[in-house]
Amino acid sequence: MLRSKVLSLLPRALSISSSSRQMSTATKLTIVEVNDKTGIATLSLNRPPINGLNLQLLQDLQQSIKEIESNKSTGLILTSANSKVFSAGIDIHEMYKPDKERVRLLWTTLQDIWVALYGSKVPTAAAINGHAPAGGCLLATSLEYRVMLPNFRIGLNETQLGMTVPIFCIFNYLNVLPRRLAERALNQGHMFTTEEAVQLGMVDDVAQSKEEALEKCAQFIGSFAKVNPVARSLTKLQFRAADLQRFEKERQKDLDIFMTFINDPQMQEQLGVYLQNLSKKAAN
Amino acid sequence: MLRSKVLSLLPRALSISSSSRQMSTATKLTIVEVNDKTGIATLSLNRPPINGLNLQLLQDLQQSIKEIESNKSTGLILTSANSKVFSAGIDIHEMYKPDKERVRLLWTTLQDIWVALYGSKVPTAAAINGHAPAGGCLLATSLEYRVMLPNFRIGLNETQLGMTVPIFCIFNYLNVLPRRLAERALNQGHMFTTEEAVQLGMVDDVAQSKEEALEKCAQFIGSFAKVNPVARSLTKLQFRAADLQRFEKERQKDLDIFMTFINDPQMQEQLGVYLQNLSKKAAN
Amino acid sequence: MLRSKVLSLLPRALSISSSSRQMSTATKLTIVEVNDKTGIATLSLNRPPINGLNLQLLQDLQQSIKEIESNKSTGLILTSANSKVFSAGIDIHEMYKPDKERVRLLWTTLQDIWVALYGSKVPTAAAINGHAPAGGCLLATSLEYRVMLPNFRIGLNETQLGMTVPIFCIFNYLNVLPRRLAERALNQGHMFTTEEAVQLGMVDDVAQSKEEALEKCAQFIGSFAKVNPVARSLTKLQFRAADLQRFEKERQKDLDIFMTFINDPQMQEQLGVYLQNLSKKAAN
């Protein structure tokens, strides 16, 4: 368990503008800003260029979610500090010839983040201002509402990468897509265009800029202003309880599947080739 | 348990017209009329002006459902004897400074009614001839088919009232709405217009008058004329079995949640203010 | 258990054309052809005129599915060798005055076929080139993709025949239809036209000929060409695991329901009348 008792003792940073206060330290890979008027916390993934989910980013993300849950934020908007990629998913470097304990911690942290986001007490929304494959899509679909910028793609493309789709990702898809389409898209590793995603309901709205996306997310969260927050949060949990309970039962099995995948020699070879190609591209 | 062995011994009242017979006594808050030609039972909520669900109305409703199930009715249509409200849900007076045993009985009766309607052997339909918030929506969405008059609203708006949505209400919504919209509507306590409800499939058809609504419900029930009634009823139960089983497991927890809500001092204060405003309005 | 160890030892028949090899013996009621280029196996039901599912056809079907799973086929297309009926479902002759052990074996074989098709490792599709009532619809909706020729009908019409819809059929419908429509169609025993089925998503595409239907199915299976087959198959199983697990729990109960239905004297009388009418028609 990564839960830190120290966390709640950390002093909040001072406001950085009249309408928002930044709570994160400079060394973190996430930025949290809370709007003083609306009480909405914007959580930005900030690991350029593609917000690859390495252990540190995941741990910072987990901590930021806890901060937002424990302060009086009225809602959470997840977005990217980078302009072309919301998040490219798990950093391949973490998966190539990994230290067993570290990669195990990586996965359990990702599991914990899913539990925290999927079962979050506050209204949650994603301003998807870039591509969101694999883990990027996982984060966005754990939330209640999605606004996306045009000309990007989103999808759980695990099978394209040779990876079994984790059970919590299946829960996410069943929450946002008709069952028939969810299964097919997962089996194909389909990446939806913004337009497709909106048409199918997987994404709720399009925005032409990040600002507009954030504004629409804020409007969604504002739609709960007249609702009793305790009743709302218990209703949401009631709605998602069966999924959360089933995940707790299958948590170990889910970890085992990932560890088997990681330990597969053929998969390691493929990851090696992939990383070599990446560095060749970078060199050109 | 409220099941009365006496019930089945009660003599049926004589027919009140050539094509229907009324079975209820005058003191009841529900009216049951069975069409002699079609065998369809129309069950009218009759507690003017808004069919507030107090203990007596719920007990009468429960008894009427049992009558219909045990006689040879071919279907059940639920409607309101009043013209503007189908049912406004639980009578607030039952929840304000309640007698513990009485309010506990109120809730368990409501639970039993859900089980009876959701698992009813006969085809069921609602002619929604007025607003159907909260408990009114619960009754209508427990059935298989809904026809609604224009310019009314329907929805489980519990969170607007500070109340957690009971689990059986969630089952109802998942039966009539896509999962994504069901969750959002429950969290927001959204009240759908007739038009919205029809567009989303939550309500199946619109009718311009109560008579037309009843006729359309009768047509729906008539669509099963060529179907073996035992096979139909077992298929329906098979389809709804998982929900009914999960409810039985969570029945006590569901009661506990309601009792906690009722015992909350802040909630009692709000209910007091609400009732005061109501009587002021009435005085003007 | 019908699993035969001998099966894997059977030699494959020689190719019957440059691009396909036929693996079945002439006495079988199914034909399996594997396309040498694509690796796709086409499994044809071949019991004229209506592919009535008698014990032999079911056992041959079960064996053919196993062959396809155990050889290196890249996908399975199920179709009919006859031109007007995909499959009319269980052969009524098997259900009229049956030998208890034989009819029990018939049903458990049908159960095993559902498990094999629903949980098949390879991509699966149906080229529905004729009517598909009852068991015919069951087979088609166990698969991942459906293409249908116009002017035919498909549906689980068990309740019209006085039979409770088996739980695995309910799982199939929930996979291809919105829940509200699934329940209603099952209760009504509704037979969908090709057009209705396509509009609702129960069938994915229309084709004007059997060849076009097979081609579209092949294209669907081809859409997984770039996907890791192990990851795909585990993802599909993960997606369908809850249904498969629940079925295993209820397998005996499902058999009991069928045996009760079969042993019902009234039902036997109806089946007798039905078969008499059939032979009268045949005589005219």
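Preceding this paragraph is the structure being described.
None of the values given here were measured: they were computed from a predicted structure.

Examining the relation of the copies chain C and chain B
For the pair chain C and chain B, the relating rotation is 120°, the translation along its axis is 0.0 Å, and the fit reaches an RMSD of 0.0 Å. Taken together, the rotation and translation describe the operation of a three-fold axis. The position closest to the rotation axis in chain C is occupied by the C-alpha of Pro178 of chain C, lying 4.3 Å away. The overlap is low: 5% of the interface residues of chain C also sit at the interface in chain B, so different surfaces are used on the two sides.

A short note on the side chain of Arg240 of chain C
Mapped onto the elements, Arg240 of chain C comes out in helix H9 (residues 229–263). Within the local environment of Arg240 of chain C, its side chain forms a polar contact with the backbone oxygen of Ser142 of chain C, the two atoms lying 3.0 Å apart.

A short note on the packing of helix H9 (residues 229–263) of chain A against helix H5 (residues 167–176) of chain B
In the contact formed by H9 of chain A and H5 of chain B, the axes pass within 10 Å of each other and the chain directions differ by 65°. Like other packed secondary-structure pairs, H9 of chain A and H5 of chain B cross with a definite hand, here right-handed. Along its contact with H9 of chain A, which presents Thr235, Gln238 and Phe239 of chain A, the element H5 of chain B presents Ile167, Ile170 and Leu174 of chain B. Residue classes in the contact of H9 of chain A with H5 of chain B are distributed as four nonpolar, two polar and no charged.

A look at the interface of chain A and chain B
Listed as interface residues are 24 residues of chain A and, on the opposing side, 22 residues of chain B. Between chain A and chain B the total buried area reaches about 2,000 Å² when both faces are included, carbon and sulfur atoms providing 50% of it. It is Thr235, Gln238 and Phe239 of chain A that lose the most area in chain A upon contact with chain B, and together they represent 36% of the buried surface on that side. Our enumeration of links across chain A and chain B arrives at four salt bridges. Between Glu183 of chain B and Arg240 of chain A there is a salt bridge, with its nearest N and O atoms 2.5 Å apart. Remark: the boundary between chain A and chain B carries 12 residue pairs in polar contact (both at pLDDT 80 or more). Taken together, the elements giving at least two residues each to the side of chain A that touches chain B come down to helix H5 (167–176) and H9 of chain A. Element by element, the count of residues in the side of chain A that touches chain B is highest for H9 of chain A, at 10 residues. Residue composition of the side of chain A that touches chain B, grouped by class: 11 nonpolar, six polar and seven charged.

Side note on the packing of aromatic side chains
Going through the model one piece at a time under the given rule, you end up with 33 aromatic pairs over all chains. Judged by centre distance (6.1 Å) and plane angle (50°), the rings of Trp107 of chain C and Phe168 of chain C are tilted. In this pair, Trp107 of chain C sits in helix H3 (residues 100–118) while Phe168 of chain C sits in helix H5 (residues 167–176), placing the two residues 61 residues apart along the sequence. On the basis of relative accessibility, which here comes to 2%, the residue Trp107 of chain C falls in the buried class. Chaining the aromatic ring pairs together yields one cluster made of Trp107, Trp114, Tyr118, Phe168, Phe171, Phe247, Phe258 and Phe261 of chain A. Against the face of Tyr118 of chain A rests Arg240 of chain A, its NZ or CZ located 4.3 Å from the ring centre.

Some remarks on the sheet that holds strand S6 (residues 132–133) of chain B
Backbone-to-backbone hydrogen bonds join strands into a sheet, with any given pair of strands oriented parallel or antiparallel. Residues and elements named next belong to chain B. Ordered by their spatial adjacency, three strands build an open sheet running S6-S8-S9, and the pairing between neighbours is mixed. Only two strands of the sheet have a single neighbouring strand rather than two, namely S6 and strand S9 (192–193). Pairing of S6 with strand S8 (residues 153–155) involves two bridges; the strand directions are parallel. Across the sheet, the residue bridging to Pro133 is Gly155, located in S8.

Comments concerning the sheet that holds strand S9 (residues 192–193) of chain A
Read across the open sheet, the three strands follow the order S6-S8-S9 (chain A); overall the sheet is mixed. The strands lining the two open edges of the sheet, one partner per strand, are strand S6 (132–133) and S9 of chain A.

A look at H5 of chain B
The buried fraction of H5 of chain B is high, at nine of 10 residues. For H5 of chain B, the complete set of buried residues consists of Ile167, Phe168, Cys169, Ile170, Phe171, Asn172, Tyr173, Asn175 and Val176 of chain B.

Looking at the interface of chain C and chain B
Taken together, the contact between chain C and chain B spans 22 residues of the former and 24 residues of the latter. For the chain C face of the interface with chain B, the top three residues by lost area are Arg179, Glu183 and Asn187 of chain C, together amounting to 32%. On inspection of chain C and its partner chain B, the count reaches four salt bridges. The closest approach of N and O atoms between Asp204 of chain B and Arg180 of chain C, which form a salt bridge, is 2.3 Å. Among the elements of the structure, H5, helix H6 (179–188) and H9 of chain C are those that each provide at least two residues to the side of chain C that touches chain B.

So, helix H8 (residues 210–222) of chain C
Taking 1.5 Å as the rise per residue, H8 of chain C with 13 residues should run 18 Å; its terminal C-alpha atoms sit 18 Å apart, in good agreement. Within H8 of chain C, burial applies to Ala213, Lys216, Cys217, Phe220 and Ile221 of chain C. Down the axis of H8 of chain C, the sector holding all buried residues measures 145°, keeping them to one side. Exposed residues pointing more than 90 degrees away from the buried face of H8 of chain C are listed as Glu211 and Gln219 of chain C. Against the buried residues of H8 of chain C lie helix H6 (179–188) of chain A together with strand S3 (40–45), strand S4 (75–80), strand S5 (124–128), strand S7 (145–148) and strand S10 (205–206) of chain C.

Concerning the pairing of strand S5 (residues 124–128) of chain B
All names here are of chain B. The buried fraction of S5 is high, at five of five residues. Where strand S4 (residues 75–80) and S5 come together, three bridges link them in parallel fashion. Counterpart to Leu78 in the pairing with S5 is Ala126. The pairing of S5 with strand S7 (residues 146–148) spans three bridges and is classified as parallel.

Rules used in this analysis
Residues numbered from 1 in each chain as written. Chains lettered and ligands numbered in written order. Predicted model: local features only at pLDDT ≥ 70, side-chain atom pairs only at ≥ 80, totals over all residues. Heavy atoms only, no water. Least-squares fit on C-alpha atoms with pLDDT ≥ 70 in both. Contact = heavy atoms within 4.5 Å. Helix = DSSP H or I, 4+ residues; strand = E, 2+ residues; numbered from the N terminus. Polar contact = N/O pair within 3.5 Å; in protein donor to acceptor, adjacent residues only side chain to side chain. Axes fitted to C-alpha atoms, helices over the stretch in contact; angles between N-to-C directions. Left-handed = near helix turned anticlockwise from the far one by under 90°. Nonpolar A, V, L, I, M, F, W, Y, C, P; charged D, E, K, R; others polar. Buried area = accessible area lost by both parts, 1.4 Å probe. Salt bridge = Lys/Arg side-chain N within 4 Å of Asp/Glu carboxyl O. Phe/Tyr/Trp six-rings, centres within 6.5 Å; stacked < 30°, edge-to-face > 60°. Buried < 20%, exposed > 50% of the residue type's maximum accessible area, 1.4 Å probe, protein only. Lys NZ or Arg CZ within 6 Å of the ring centre and 35° of its normal. Pairing = 2+ DSSP bridges. Expected span 1.5 Å × (residues − 1). Arc of directions from axis to C-beta.

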